[in-house]
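Spelled out, the chains give:
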Amino acid sequence: MLVTFGEEISAAAHIAVRGLTAALAGSRGVLNLHPAFASVLVEFDPRRHTHAGMEALVRSAIEDATEREPPPSRLIEIPVRYGGEFGPDLDDVARHRDLTPRRVVELHAGAEYEVYFVGFSTCFPYLAGLPAELATPRLAAPRRLVAAGSVAIAGAQAGVYPLASPGGWRIIGRTPLSLFDPAGEPPPLLRMGDRVRFVPLEEGAR
Amino acid sequence: MNRIRVLTAGAQTTVQDLGRFGWAHFGVSASGAADELALRAGNLLVGNAENAAALEMTLVGGAFEFEDDAVIALAGSDFGAGLPLWTPIAIQAGGAVRCGPTRSGARCYLCVRGGLAVPRTMGSASTHVATGVGGRALRMGDVLPVGDGAVRQPRRAAAPPPFPRDAVLRTTRGPQAEWFGEELYRGTWTVSEESNRMGLRLRGEPIPSPAGHMLTEGVALGAVQAPPDGQPIILFVEQQTTGGYPKPANVISADFWRLGQLRPRAPVAFESVTIEQALDALRASERWLHSL
């Protein structure tokens, strides 16, 4: 069952998505929740819930969520090595936006982001809050392999690749932090609602 | 404790149960058996809980030696083991089950009484091949402990599931169904060689690209996506959790197991059904399982 909160990316839609996801987590017969920018896909066991029963559960969860305070959000700092082999697209982003690479780093590291949702592939955080001056389209053809920890931009979105994977976002740096350990247990480093700051690591710093 | 030694691994043999649920909001999809019906039936036949961990073989099976006496069942497609399918079979200590290339569909399950006692990640023993969550595909020389998790006596031999094995997948309307015409349902599609546990890629007369713009949204198992090239992708057990392509249709739950049996180059067609028909079909497969 797909529950939508409008058709735009907005802070209001995000708050509604976050609230519904928190309210439904762990409900009996709810198999999985797939939050996104303005929607939550509720995967339920049709042997345990009828569609009408599920809809009633979702409606009451939305009501509960609007009455409840959102859970406090954490501030996570992510160290980043910008440019060079770690950020092969830093210079391209600078050229595209008519900025110096140093200014791109200042803007990127000067902003505070919020994890709107975690999805697509394993633990990929979609971050809102990218300064408008940095918006840059995706690569025309995706890379076959993007390194784990790559810090990236696509349009007005920012993100970090948790695992090595193919990808078409512009890579401006890399974090040595592990966002996700396949052998470990979640929660992963970044969760929906977390606030994020990127902290530049000096070249050669450990 | 009994142990199973992998003599040969086959094309892609993994440990699977019914999947890892409750983590999609961290981007972790459920994984689990590609033919859920065969895994559940095989487990019931050897006296396990339906969700016990077992071996899933793909296209070419492996050979497995048992250190101690065991009771197993093979379920799904015939991989030429020379043993009856859908039947509890006693294997003596030192005996082996040797499977080969498939003679029918894409997957065969080897369920062992007691279940495979492998570590669980996030509550499930399932291997998510693409990310490595829950482990990796088996290799020659791997050793798997057998657990003591049987919950009842083994069953009698069963007849194969009495459901159509033809190429027609039943679907309900997808979230963007109104953007599309009837093209999905007209043609016959072919399963591409690039298909895997993440998605089944189909080839055929392209579906015209709709004009609408959509935000990335959550996507479900069995969702039929239509990317701009018009060649549908059916999201499968190792699916991405969100996606931005429009979806004309969704394969019904009762037909998920058939997705797991589709081989490369197999023909596929789609038939639109109502939610009531989809629920009736699901009840029919549950009745068959409970009759075992």
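All values derive from a computational prediction rather than experimental measurement.

Criteria and thresholds
Residues numbered from 1 in each chain as written. Chains lettered and ligands numbered in written order. Predicted model: local features only at pLDDT ≥ 70, side-chain atom pairs only at ≥ 80, totals over all residues. Helix = DSSP H or I, 4+ residues; strand = E, 2+ residues; numbered from the N terminus. Rg over C-alpha atoms; globule rule 2.2 N^0.38 Å. Buried ≥ 20, exposed ≤ 12 C-beta atoms within 10 Å, placed from the backbone. Contact = placed C-beta atoms within 7 Å. Expected span 1.5 Å × (residues − 1). Arc of directions from axis to C-beta. Pairing = 2+ DSSP bridges. Axes fitted to C-alpha atoms, helices over the stretch in contact; angles between N-to-C directions. pLDDT = per-residue confidence, 0-100. Nonpolar A, V, L, I, M, F, W, Y, C, P; charged D, E, K, R; others polar.

Participant: Could you clarify how one ought to interpret the overall build of chain A in this entry?
Facilitator: Per the secondary structure count, chain A includes 4 helices and 12 strands. In summary, chain A has a C-alpha radius of gyration of 18 Å against a globular reference of 17 Å for 206 residues, a match within 12%. With respect to the three principal axes, the spread of C-alpha positions in chain A is 55 × 35 × 35 Å. Split into buried and exposed, the 206 residues of chain A put 45% on the buried side. Long-range pairs, those at least 24 residues apart, make up 60% of the contacts in chain A with a sequence separation of at least 6.

Participant: Would you explain helix α2 (residues 51-67) of chain A in this entry?
Facilitator: Owing to its 3.6 residues per turn, the α-helix brings residues three or four apart onto one side. All names here are of chain A. Compared with the 24 Å implied by 1.5 Å per residue over 17 residues, the 25 Å span of α2 between its first and last C-alpha is a close match. Considered for burial, the residues of α2 that qualify are Met54, Leu57, Val58 and Ala61. With its buried residues spanning 100° around the axis, α2 presents them on a single face. Away from its buried face by more than 90 degrees, α2 exposes Ala52, Ala56, Arg59, Ser60, Glu63, Thr66 and Glu67. On its buried face, α2 sits against β1 (2-4), α1 (11-24) and β3 (39-44).

Participant: Just checking my understanding: could you explain the sheet that holds strand β11 (residues 170-174) of chain A for this structure?
Facilitator: Either a parallel or an antiparallel arrangement is found when strands of a sheet pair, and the pairing is made through backbone hydrogen bonds. Residue and element names in this part refer to chain A. With respect to topology, 7 strands assemble into a closed barrel ordered β4-β11-β8-β9-β6-β5-β12, the strand pairing being mixed. The average angle at which neighbouring strand axes cross in this sheet is 40°, direction not considered. Where strand β8 (residues 150-154) and β11 come together, 4 bridges link them in antiparallel fashion. Across the sheet, the residue bridging to alanine 152 is isoleucine 171, located in β11.

Participant: Help me understand the confidence of the model for chain B in this model?
Facilitator: Low pLDDT means the predicted coordinates in that region are not meant to be read closely. When pLDDT is averaged along chain B, the result is 95, and 100% of the positions lie at 70 or above. Note on the complex model: pTM 0.92, ipTM 0.92.

Participant: Explain helix α4 (residues 101-110) of chain A here, please?
Facilitator: Residues and elements named next belong to chain A. Those residues of α4 that fall on the buried side of the exposure criterion are Val104, Val105 and His108. Down the axis of α4, the buried side of the element spans an arc of 95°, and every buried residue falls inside it. On its buried face, α4 is in contact with β4 (75-82), α3 (90-97), β11 and β12 (195-200).

Participant: Explain the interface of chain B and chain A to me, please; I cannot follow it from the model alone.
Facilitator: Facing the 29 residues of chain B at the interface are 34 residues of chain A. Every element with two or more residues in the side of chain B that touches chain A is listed here: β13 (217-218) and α4 (275-290) of chain B. With 4 residues, α4(B) is the single largest residue contributor to the side of chain B that touches chain A. Classifying every residue of the side of chain B that touches chain A gives 15 nonpolar, 12 polar and 2 charged.

Participant: How should I be thinking about the sheet that holds strand β15 (residues 233-235) of chain B in this particular structure?
Facilitator: All names here are of chain B. The sheet built from 7 strands closes into a barrel, its strands ordered β10-β17-β14-β15-β12-β11-β18 with mixed pairing. Neighbouring strand axes in the sheet, compared pairwise and without regard to direction, differ in orientation by 40° on average. Here strand β14 (residues 223-225) runs beside β15; their pairing, made up of 2 bridges, is antiparallel. By the bridge assignment for β15, valine 224 is matched with isoleucine 234.

Participant: Explain unusual backbone geometry here, please?
Facilitator: Excluding glycine, residues mostly have negative phi values, and the peptide bonds linking residues are mostly trans. For A:Asp98, which is not glycine, the phi torsion reads 60° and is therefore positive. Relative to the helices and strands, A:Asp98 is located in the loop between α3 and α4. Overall, the presence of 8 C-beta atoms within 10 Å leaves A:Asp98 in the exposed class. Positive phi values are uncommon outside glycine, yet B:Trp86 reaches one of about 55°. Locating B:Trp86 in the fold gives a position in the loop between β5 (70-76) and β6 (89-91).

Participant: Hey, could you run me through the environment of A:Glu8 in this one?
Facilitator: Residue position: A:Glu8 is located in the loop between β1 and α1. Setting aside residues no more than four positions away along its own chain, A:Glu8 makes contact with A:Ala13 and A:Ala38.

Participant: What exactly am I supposed to notice about the confidence of the model for chain A here?
Facilitator: Per-residue confidence for chain A gives a mean pLDDT of 90; residues scoring 70 or more make up 97%. At the low end of the mean pLDDT range in chain A sits strand β10 (residues 165-167) of chain A, at 83; at the high end sits β11(A), at 97.

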